[in-house]
Structures are given as structure tokens and as C-alpha cells.
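Understanding the architecture of this molecule
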Amino acid sequence: MTKIKLQKNDKVLVISGKDKGKTGRIERVITKKREVIVSKINIVKRHIKPSQHRSVSGVVESESPLAISKVALICPSCGKPTRVGYQKKNNEKNRICKRCKKVIEKTKEEPDKK
Ligand SMILES: [Zn+2]
């Protein structure tokens, strides 16, 4: 099985399915299932029942996972959807864009909003 080349916070383009053509940022990579959760993509509505923690019922919208094959990484350098390659440099394995050959910098995690 090939290694998953996508990481959290990567910007991706949806290439198939109902959200085809939309872009978003990866919120979570589900390695075992080879799926990703992309912000604002593949939104499903869920009905919530009242529970101990919640006094009212209602509908919440949340992202449901997408198969990794349905998204393509958008290169931060050339801004186009691309395939990812690897390049070894100073004992570090960097992801590179196969279009412009530039290293895809790891996106810094945004600090938690509190
Ligand atoms: Zn590029």
C-alpha cells in the first residue's frame, strides 16, 4: 500500500464527488481508512437528540470523511493541484510538487483558539 502523502493542514482540491472543484484544508487524516476530513467539504447534517450534555435537540452540520483518492494537493508554490513526490535532503525527506519541483513546506499548525 502506498504511503499517504497528505498531511493535516494541507490545502486540497476535491476532484470527484458532490463537492468536486471545491478546495479546503485538511483537518484530519484517517490513516487506517485512507480518508481525510477537509474543512467545509462533504458536509452532512446530523440530527442530535437531547442528552445529558445537551438540553436541546437539533441539527448540526459536520464534515464527513472523503477518500484520499478524491482529493488532490494544491501546491503552495504554484497554486495548482499536483502530485506529490519526495526528495531527500540533509537526511530529511521533503515532499515536493511534481509540477514546479519546489519543496512543499509543512504548514504550521494554527494555535488552538480558546
Ligand atoms: Zn508547485
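The rules behind the values
- Residues numbered from 1 in each chain as written.
- Predicted model: local features only at pLDDT ≥ 70, side-chain atom pairs only at ≥ 80, totals over all residues.
- Buried ≥ 20, exposed ≤ 12 C-beta atoms within 10 Å, placed from the backbone.
- Helix = DSSP H or I, 4+ residues; strand = E, 2+ residues; numbered from the N terminus.
- Pairing = 2+ DSSP bridges.
- Core = buried A, V, L, I, M, F, W, Y, C linked by C-beta atoms within 7 Å.
- Contact = placed C-beta atoms within 7 Å.

**Regarding the pairing of strand β9 (residues 84-89)**
Among the six residues that make up β9, zero are buried, leaving the element largely open to the surroundings. Examined bridge by bridge, β9 and strand β10 (residues 92-97) share six bridges and lie antiparallel to one another. In the strand pairing of β10, V84 is matched with C97. As consecutive antiparallel partners, β9 and β10 are separated by two residues, and within that stretch N90 has a phi angle of approximately 45 degrees, a positive value.

**Things to note about the nonpolar core**
Residues V12, V36, V38, L66 and V71 are the most contacted members of the largest nonpolar core, which totals 15 residues. Put simply, the parts of the chain that give this core at least two residues each are β1 (11-14), β3 (35-38), β7 (71-74) and β10. Take this core: its biggest share by element is three residues, from β1. Once residues within four sequence positions are removed from consideration, V71 is found in contact with V12, L13, V14, I15, V36, V38 and L66.

**Looking at the sheet that holds strand β6 (residues 66-67)**
Spatially, β6-β3-β2-β1-β7-β8 is the arrangement adopted by the six strands of the open sheet, whose pairing is antiparallel. Of all strands in the sheet, those with a lone pairing partner are β6 and β8 (81-82), marking the two edges. Looking at chain direction, β1 and β7 are connected through three bridges and run antiparallel. The residue of β7 that forms the bridge with V14 is V71.

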